[in-house]
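Fold and geometry: a report
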Amino acid sequence: MAAAQQNRIRNFCIIAHIDHGKSTLADRIIEKTGLLTSREMQAQILDNMDLERERGITIKAQAVRTVYKANDGQEYVFNMIDTPGHVDFNYEVSRSLAACDGAVLVVDASQGIEAQTLANVYMALDHDLDVFPVLNKIDLPSAEPERVVEEIEDVIGIEAHDAPRISAKTGLNVEAVLEAIVEKIPAPAGDPEAPLQALIFDSLYDSYKGVIVFFRVKEGTVKRGDKVRMMATGAVEEVVEVGYFGAGQFLPCEELSAGMVGYLTASIKNVKDTAVGDTITHADRPCKQALPGYKKVTSMVYCGLYPSDGARYNDLRDALEKLQLNDASLFFEPETSLALGFGFRCGFLGLLHLEVIQERLEREYNLDLVTTAPGVVYHVFKKNGEKLELTNPSNLPDPTEIEYMEEPIVSAEIMVTTEFVGAIMKLCQERRGVYLGMEYMEATRALLKYELPLNEIIYDFFDALKSRSRGYASFDYELKGYEKSELVKLDILVNKEEVDALSFIVHAESAYERGRRMCEKLKDEIPRQLFEIPIQAAIGGKIIARETVKAMRKDVLAKCYGGDISRKKKLLEKQKEGKKRMRQVGNVEIPQKAFMSVLKLDDE
Amino acid sequence: MMNKKNMELYVHIPFCARKCAYCDFLSFPGNKRMQQEYTEQLLEEIKYQSAYTREYQVISIFIGGGTPSILETNQMTAILNALNNQFDIHPEAEITMEANPGTVTSEALIQYKRAGVNRISMGLQSADDKELGYLGRIHTYDEFLKSYQRVRMAGFDNVNVDLISAIPGQTVESWKNTLKKVTMLKPEHISAYSLIVEEGTPFYDRYGDHVEMDNDSMTREERRRLMSLPELPDEDMEREMYYLTREFLKEQGYERYEISNYSRKGYECRHNIGYWTGVEYLGLGLGSSSYMEGCRYHNTASYQDYINGSFERKEEFDKLFRQEFEHLSIEEKMEEYMFLGLRLIEGVSAHGFVSSFGQNIRHVYGPILDKLEQEGLMELKEGFYRLTERGIDISNYVMSQFLL
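How each quantity is defined
Residues numbered from 1 in each chain as written. Chains lettered and ligands numbered in written order. Predicted model: local features only at pLDDT ≥ 70, side-chain atom pairs only at ≥ 80, totals over all residues. Heavy atoms only, no water. Pairing = 2+ DSSP bridges. Helix = DSSP H or I, 4+ residues; strand = E, 2+ residues; numbered from the N terminus. Axes fitted to C-alpha atoms, helices over the stretch in contact; angles between N-to-C directions. Contact = heavy atoms within 4.5 Å. UniProt positions renumbered as here; feature names shortened; annotations may be inferred. Polar contact = N/O pair within 3.5 Å; in protein donor to acceptor, adjacent residues only side chain to side chain. Salt bridge = Lys/Arg side-chain N within 4 Å of Asp/Glu carboxyl O. Nonpolar A, V, L, I, M, F, W, Y, C, P; charged D, E, K, R; others polar. Core = buried A, V, L, I, M, F, W, Y, C linked by side-chain atoms within 4.5 Å. Buried < 20%, exposed > 50% of the residue type's maximum accessible area, 1.4 Å probe, protein only. Expected span 1.5 Å × (residues − 1). Parallel < 35°, antiparallel > 145°, perpendicular 65-115°, else oblique.

Focus: the sheet that holds strand β15 (residues 279–282) of chain A
Residue and element names in this part refer to chain A. The strand order across the open sheet built from eight strands is β10-β9-β15-β6-β7-β14-β11-β12, with neighbouring strands paired in antiparallel fashion. Edge positions in the open sheet fall to β10 (236–238) and β12 (250–253), since each of these has one partner strand only. Sheet twist, expressed as the mean angle between neighbouring strand axes with direction ignored, is 40 degrees. One ladder, built from three bridges, connects strand β9 (residues 227–230) with β10; its direction is antiparallel. Paired with Arg229 across the strands is Val236, a residue of β10. Along the sheet face, helix α4 (residues 90–98) touches β6 (197–206) and β7 (210–219) and points at about 125 degrees away from the line of β6.

Structure below.
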């Protein structure tokens, strides 16, 4: 590719907090660059999964190539790379950023900067991206552009006075963004003749083409028929097709060279072979060094997934396999629970990832699932010198064999308006947080820094944060490492029988409180049965809390005449349906949702 | 015609003087004009519906409501005459009419009797005037007594009295007092229900699981009154009342033959036993349900639709008088055989099961019967599977197990 053409490429991403209008702006850019007519526009082109649209977030990174005819009369190729919008997907975000040369920072002109925006901006700056801000939602009555401009300059330290003030929704002033992209984002560098060095930032499984690898060429050129090697995974394949991303479609081309963004297919069967962050090079003329930043993705949160209907175990396995084709960060292996039967221990990037997978299994594969309490990976150091990575509380060795245990700790940043600082600090303290410091963003907003055990934030921390700040707090974290901790396994006994699926690991200090709340919760969840049912929480055989479900005293319909029969039958059917959703543990029936009740213990 | 099949008739009169706070029946106050137009339409319906029942003989009729006795006497006799003319009614058929205290005159009762009514069912509910007030009844105990005398004077020798236990403010003592007062009158039959707090009733607003604070149909005054009602007796007290009912009525010569029904020997309500043993029945009037030819359906519950309904075109007829039409499968019939039959104290007959379905009951329900027997909820006695006392207490749990 001629240098003049490389000159007219702009590889960029859009950084924004959830709801600040990233997808809407992306749509407008695609529309205004004229590759598509308005008629062809879907409401939101980048977010093509229903689930994402409903949640207003983007899970899988994708990219779109458009052509913009600038005021200087030249045509520019825009490669817009989308980034996932949640803390669970931080690593994917970092790889997407690494594929760009610049970033557009979208800030809601009434909301200002949020913790997560900040985290992503810092990440972009770390990747040496040129970042320029755009003020969105300028048409809202609550917009305060002057305040937000100052905030951007104070907090992030980038020039914001000439930031385009736009409304992505109405399309107001979006042209200014397009011109700014041409002017402020540098053209890519790189030598098309050098050995191939391309960064994978995403991949996608297609049942016809196999894995479709999304990448940015840093150096060299790749074309059909080339034999390429994934440097980290070692997979070697022959390239079947290379091309660009149209909006919502793949456009094959001859070759892709330094500075360009596109895809390739090579009859790859598994996305595991094309890990995000890996470097593609030629098998016969490899580059000297892989691109920096590659990390093996590890699961942070584990839980058991069981089919409600045991007969659908194989369906669940098939569905997990299919999802995994597209999602290398999803881990699963078979496990068995006395209470729940056959299922899988699954690993996720975070709780959102877990929820997304769970919902997709239920929605797309029509599976009814029982989920056990999510937990993190603990390091168990045994007295005999063995080290164990514990993902399922049931596998915890006998306490007498354990020397000590470690739990994962994250560094968290919470941005909150000053009036809620007290409430949030209290929350962090309750969650065993270690206060690191606080910075004032402006007079009314502060950034709290804490170290928090991961197992304290995976259940309901985000909800608690939102409810204690009336929705104003935002939150970002990254794994810091493992630290020694006093951990115990809390067992739940229902009618004197231990229910393995309800066990969880908890810090010794909060064990009593958790056990008590768990018993209370289960008492409400377990319906009365023919006999009295004790519900107990125990640590190492010692009972620390107890509740009782009283025996069913009365369940009778006094009247049933000619007009009542159909209605009465529906009532009995409902009762029977309810029973179906129960799990038999010993001689007690436990409703499936009880297994998830541990998730919602923070009732404030 | 020889060997006609048996059937029953239910006739619904939706009007009442005032709706009671616990009542979820299809009933409402109606003026003279409505009563007249309703009677006319009902007569029309009787004419058309009866055309489908040529192969049947009617063994019982139940005229319920609402308050049937609120109709003008000539309206009621017109209805009774129409039934007599259009259906083949067995000479010994049990013909019950509900009559609420305070709505019956001696003259009317004599007319009913003349038109064929041979059983009167009276809604007393409680012999305590304060409790009657809580329920929203329009009569006092004294008024009931007067009506009861009139019913007896008119020559009715088969009378039922409806009672409700576990009502607001009721104590075991006051319930026993009600039972005492009523048994002294020696009615042939007593229905004694535990109050059911039904959705959509004012009682549901007050006592239901989900308190709904917005009920437009109530004035502020009514709401204040409702909310000031005393609490319901708790579950333990409710069961105590139930056990007391059984014991006390037994002493007084009333045998419990169904979960909530008691009678002197030979005075069991044949009509209701029909519901529990799978006899076919045709419902006439607003919202009434039918079970004919193995199908369940019901009439429209919309008063306007009912009044304006036409019987001429089959399509429209089906739309208004065959609602939620469902044809029962063999399995569904078995389910009903069990959960309805088990309401009877004698239980369900194993022999009857075979003759109805050509299969041994144990073949279909063996393991469930064994399990329930083991749990002490059912027992087998002289070829009948029946609920134990504990089984009655939690009969929904038991009955739900018989759904296939």
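Notes on the UniProt feature "binding site: GTP" (unreviewed entry) in chain A
Residue and element names in this part refer to chain A. The UniProt record marks Asp19, His20, Gly21, Lys22, Ser23, Thr24, Asn136, Lys137, Ile138 and Asp139 with the feature "binding site: GTP" (unreviewed entry), using the residue numbering of this structure. Inspection of the secondary structure puts Thr24 in helix α2 (residues 22–32). Following the sequence through the fold, Lys137 ends up in the loop between β5 (130–136) and α6 (145–156). Excluding its chain neighbours within four sequence positions, the residues that come into contact with Lys137 are Asp19, His20, Asp108, Ala109, Ala143, Ile166 and Ser167.

Remarks on the side chain of Ser329 of chain A
Residue and element names in this part refer to chain A. Note on placement: Ser329 falls in the loop between α8 (313–326) and β17 (331–337). At 2.5 Å, the side chain of Ser329 and the side chain of Asp327 are in polar contact. Apart from the residues within four sequence positions on either side, Ser329 is in contact with Val297, Ser299, Gly347, Phe348, Leu349 and His353.

Comments concerning the interface of chain A and chain B
Each partner contributes to the interface: chain A provides 26 residues, whereas chain B provides 42 residues. At the surface where chain A touches chain B, the tally comes to seven salt bridges. Here Glu332 of chain B makes a salt bridge to Lys569 of chain A, at a shortest N to O gap of 3.6 Å. In the side of chain A that touches chain B, the residues fall into 10 nonpolar, four polar and 12 charged.

Quick look at the sheet that holds strand β1 (residues 9–16) of chain A
Residues and elements named next belong to chain A. Strand order in the open sheet formed by five strands is β2-β3-β1-β4-β5, and the pairing between neighbours is mixed. Edge strands, defined here as strands with exactly one partner in the open sheet, are β2 (63–69) and β5. Across the sheet, the axes of successive neighbouring strands diverge by a mean angle of 30 degrees, strand direction being ignored. Direction of pairing for β2 relative to strand β3 (residues 75–81): antiparallel, over a ladder of seven bridges. Across the sheet, the residue bridging to Lys69 is Glu75, located in β3. In the packing of α6 onto the sheet, the strands contacted are β4 (102–108) and β5, and the crossing angle to β5 comes to about 160 degrees. Helix-sheet contacts for helix α7 (residues 174–184) involve β1, β2, β3, β4 and β5, and the interaxial angle to β5 is about 170 degrees.

Notes on the nonpolar core
One finds Ile13 and Leu83 of chain B to be the most contacted residues of the largest nonpolar core, which totals 117 residues. Setting aside residues no more than four positions away along its own chain, Leu83 of chain B makes contact with Leu9, Val11, Ile46, Ile61, Ile89 and Leu284 of chain B. Counting 51 residues, the second largest nonpolar core, distinct from the first, contains Leu305, Val376, Ile402 and Ile424 of chain A.

Observations regarding the pattern of salt bridges
Residue and element names in this part refer to chain A. What the rule picks out here adds up to 62 salt bridges over all chains. Among the salt bridges present, the one from Glu401 reaches Lys382, with a minimum N-O distance of 3.5 Å. A residue pair is termed long-range when its members are at least 10 positions apart, and Glu401 in the loop between β22 (387–390) and β23 (402–417) and Lys382 in strand β21 (residues 378–382) qualify at 19 residues. For Lys382, a relative accessible area of 15% puts it in the buried group. Because the salt bridges share partners, they merge into one network encompassing Glu144, Arg147, Glu151 and Arg445.

Quick notes on the environment of Ala127 of chain B
Residues and elements named next belong to chain B. Mapping Ala127 onto the fold places it in the loop between β4 (119–125) and α4 (129–135). Distance from Ala127 to Lys181, taken between C-alpha atoms, is 7.0 Å for residues 54 residues apart in sequence. Apart from residues lying up to four places away in sequence, Ala127 is in contact with Tyr141, Thr178 and Lys181.

What to know about unusual backbone geometry
Between Gly65 of chain B and Gly66 of chain B the backbone carries a cis peptide bond, its omega angle lying at 25 degrees. Summarising the element assignment, Gly66 of chain B is placed in the loop between β2 (56–65) and α2 (73–86). Its identity as a non-glycine residue notwithstanding, Asp128 of chain A has a phi of 60 degrees, on the positive side. Here Asp128 of chain A is to be found in the loop between α5 (115–126) and β5. Backbone geometry places Arg432 of chain A, a non-glycine residue, at a positive phi of 65 degrees. Counting through the fold element by element, Arg432 of chain A comes out in the loop between α10 (421–430) and β24 (434–442).

A short note on α5 of chain A
Residue and element names in this part refer to chain A. An ideal rise of 1.5 Å per residue puts 16 Å on 12 residues; α5 measures up with 16 Å between its terminal C-alpha atoms. Of all 12 residues in α5, nine are buried; the element is thus mostly enclosed. Residues of α5 that are buried: Ala115, Gln116, Thr117, Leu118, Ala119, Asn120, Val121, Met123 and Ala124. A positive backbone phi angle near 60 degrees is found at Asp128, which sits one or two residues after α5.

Considerations on the packing of α2 of chain A against α7 of chain A
The relative placement of two packed helices is expressed as an angle between their axes plus a distance between the axes. Residues and elements named next belong to chain A. Running from N to C, α2 and α7 cross one another at 80 degrees; their axes reach a closest spacing of 10 Å. Comparing their axes, α7 and α2 come out roughly perpendicular. Where α2 abuts α7, its residues Leu25, Arg28, Ile29 and Lys32 lie against Val174, Glu175, Leu178 and Ile181. In terms of residue class, the contact of α2 with α7 is built from five nonpolar, no polar and three charged.

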